[in-house]
Each structure stands twice: as C-alpha cells, then as structure tokens.
Amino acid sequence: MQTESVYRRLRERIVTGGYAPGERLTELSVSAVLEVSRTPVREALRRLEGDGLVRSAGRGVIVAALSGEALAHAYAVRAALEALTAEAAAARQRAGRIAPADLADLNRDNTLLAQVTQAGDYDQAMLLNRRFHRRVAELAANPIALEMLDRLWDQIVVSTRASLTPPQRPDAVVAEHRLLVCAIADGEAERAGRIAAGHARATALAAEAGVPDDSGTNSGATAEKGP
C-alpha cells in the first residue's frame, strides 16, 4: 500500500508541476520530500518510467517531456481514443445505460470551465477540461481506453504546462464540448465520435501553430524545449 501511495503522490507532483520537465529526481531527494523510505520511492520511479513521465539519467531520473514530433503523435492517438470513447458513450446512452445525472455532470463541468477561464484561473481551467474529457471516457465503460487516455493526458500536461497562458479559443472549446454532450445525450454515436475527433484535432492544430490549446497551454512552444 505504501508503494501505491508514494507512486500516486509523486505522479501528482509531476503532473501538477511540482517537478518540472528536465528536473532530476533521486531516491534520496524524493524520500526526503515525501518522508518515506527509499524502497517505495524506487518502485514508484520505475512505474513512472513505464508511464513515460520520467526517464533514467545516471544516478536517478529526470522528468520527461515529449518532443514536438512525439507530442503530435500523442494528440493523434488522443483524437482516435476520444472518438472511440465518445461513440461508445453515445451507444450506451442509446441503450439506456447512462444516468441523467452523468450527463448533467458533463454540462456542469463545461459551464464551470467557461467561468474559470473567463476569470483567468487557467490552472483550474486545465483541470476542469481534463475532468470533462475523462468523464466522457468513463461513460464509455472501456477501462483500457480510459487507462490509455489517462497516460496520454499526463504526458501532454507535463510537456505543455510550462507555457500556461490565456487560451485563444475558449468560446469554441465550450461550444464543441456542448455539441459533444448533445450528441451523446441523443445517442448518436457517429456524430459524437466525429465531434470528439474534430475537437482533439483542433487542439493539435493549435499546438502545432504554437498557440494555446483547449487546456490553456501553449504546447507548441513548450514541445521545442523538451529535454
């Protein structure tokens, strides 16, 4: 249990920016920060390396960020997976297997996203945006797709967080989210998949152009700074 706890705590620190891309971590330094022994830290670092969040570097590891090309690949896979999960969620809705409260949660997250973005709280906007997309994936009831999306999101966030800036298309993001929820609510799988894929591709295009994406980060700029 301690190893799992250390893994989760360390993963959270990396994803939320507590450790920056390129920063070196050692068993000794992490043990001191988390106030645990070195054994669970060693195991946690091995798992994080498997997650693609750190990579070996001599005596220890460094926090990894995706290169520009790898980031583009990550967005492409994200588009495919989010299309898949949106389609599956809509199909489950059509079969009467999704509770109205779950769809209400999606709309609530989208409304909050618009509010916090307008207020200039871009860290919170990034968290809400991710939660919105994760809720869609959860409605698909495909644990493998959800796990893969979680891993991709972690890598994308770590690689883009350093250039957190005001988003350039907040109204479009909220509108695209709203269209996606409507398609799922109507049980239209093909339309939901098309909207989800288009939304992810628009984010990727923004990243390639070096402008902030729908999570409020300038991923294109940061990708060129990879370790």
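Since the structure is predicted, the reported quantities are computational estimates derived from the model, not experimental observations. (Residues numbered from 1 in each chain as written. Predicted model: local features only at pLDDT ≥ 70, side-chain atom pairs only at ≥ 80, totals over all residues. Heavy atoms only, no water.)

Here's the deal with the overall build of the protein chain
Counted only if it meets this: By the criteria applied, helices consist of DSSP H or I runs no shorter than four residues and strands consist of E runs no shorter than two, each listed in order from the N terminus. Burial here depends on accessible area, computed with a 1.4 Å probe over protein chains only, as a share of the maximum for the residue type. Under 20% is buried, over 50% is exposed, and the range in between is partly exposed. In what follows, a contact means two residues having at least one pair of non-hydrogen atoms within 4.5 Å. Accessible surface is estimated by sampling points in the Shrake-Rupley manner with a 1.4 Å probe; for residues, cover comes only from the protein chains shown.
Summing up its helical and strand segments, the protein chain has 10 helices and three strands in all. Mapped from its N terminus to its C terminus, the protein chain presents α and β elements in the order α-β-α-α-β-β-α-α-α-α-α-α-α. In the protein chain, buried positions account for 47% of the 227 residues. Contacts in the protein chain between residues at least 24 apart in sequence constitute 72% of all its contacts with a sequence separation of at least 6. Of the roughly 10,900 Å² that the protein chain leaves accessible, carbon and sulfur atoms contribute 53%.

Notes on the pattern of salt bridges
Condition: By definition here, a salt bridge exists when the distance from a side-chain nitrogen of Lys or Arg to a carboxyl oxygen of Asp or Glu is within 4 Å.
Evaluated as defined, the whole model comprises 18 salt bridges. Where Glu43 meets Arg46, a salt bridge forms, and the shortest distance between an N and an O atom there is 2.9 Å. Note that Glu43 and Arg46 are positioned in helix H3 (residues 38-50) at a spacing of three residues, about one turn of the helix. In this structure, the salt-bridge partner of Arg108 is Asp105, at a minimum N-O distance of 3.4 Å. Residue Arg108 and its partner Asp105 are both found in helix H5 (residues 100-118); the two are separated by three residues, about one turn of the helix. Through salt bridges with shared partners, one network takes in Arg11, Arg130, Arg134, Glu138, Asp150 and Asp154.

Some words on the packing of aromatic side chains
Keep this limit in mind: Two rings from Phe, Tyr or Trp (for Trp, the six-membered ring) form a pair when their centres sit within 6.5 Å of each other. Planes less than 30 degrees apart are called stacked, planes more than 60 degrees apart edge-to-face, and all others tilted. Charge over a ring is defined by NZ of Lys or CZ of Arg lying within 6 Å of the ring centre and within 35 degrees of the ring normal.
Using the criterion set out here, one finds zero aromatic pairs in the structure. A cation over an aromatic ring shows up here: Arg13 above the ring of Tyr19, its NZ or CZ 4.9 Å from the ring centre. The aromatic ring of Tyr7 is capped on one face by Arg47, whose charged end is 3.6 Å from the ring centroid.

Focus: the sheet that holds strand S2 (residues 54-56)
Put simply, the test is: Paired strands, as defined in this entry, are two strands with at least two bridges between them according to DSSP.
Pairing within the open sheet is antiparallel, and its three strands lie in the order S1-S3-S2. A strand with exactly one partner marks an edge of an open sheet, and here the two such strands are strand S1 (24-25) and S2. As paired elements, S2 and strand S3 (residues 61-63) share three bridges and run antiparallel to each other. Across the sheet, the residue bridging to Arg55 is Ile62, located in S3.

Things to note about the packing of helix H1 (residues 2-15) against helix H2 (residues 27-34)
The condition is simple: Axes here mean lines fitted to C-alpha atoms, for a helix over just the part in contact, with angles spanning 0 to 180 degrees between N-to-C directions. Working definition: roughly parallel below 35 degrees, roughly antiparallel above 145 degrees, roughly perpendicular at 65 to 115 degrees, and oblique for all remaining angles. Charged means Asp, Glu, Lys or Arg here, nonpolar means Ala, Val, Leu, Ile, Met, Phe, Trp, Tyr, Cys or Pro, and polar covers whatever is left, Gly included.
Contact geometry of H1 with H2 gives a least axis separation of 12 Å together with a crossing angle of 95°. Classed by the angle they form, the pair H1 and H2 counts as roughly perpendicular. Residue-level inspection shows Val6, Arg9, Leu10 and Arg13 of H1 in contact with H2, the latter providing Val30, Val33 and Leu34. Grouping the constituent residues of the contact of H1 with H2 by class yields five nonpolar, no polar and two charged.

A short note on the nonpolar core
Inclusion rule: In these notes, a set of buried Ala, Val, Leu, Ile, Met, Phe, Trp, Tyr and Cys residues joined through side-chain atoms within 4.5 Å is what counts as a nonpolar core.
Membership of the largest hydrophobic core comes to 34 residues, with the highest contact counts inside it found for Leu10, Ile14, Tyr19, Leu25, Val30 and Leu48. At the level of secondary structure, the elements contributing two or more residues to this core comprise H1, H2, H3, S3, helix H4 (68-94), helix H6 (122-140) and helix H7 (143-160). It is H7 that provides the largest number of residues to this core, a total of eight residues. Dropping the residues within four chain positions of it, Leu10 is found in contact with Tyr19, Leu25, Val30, Ala44, Leu45 and Leu48.

Purely geometric numbers; function is a separate question.
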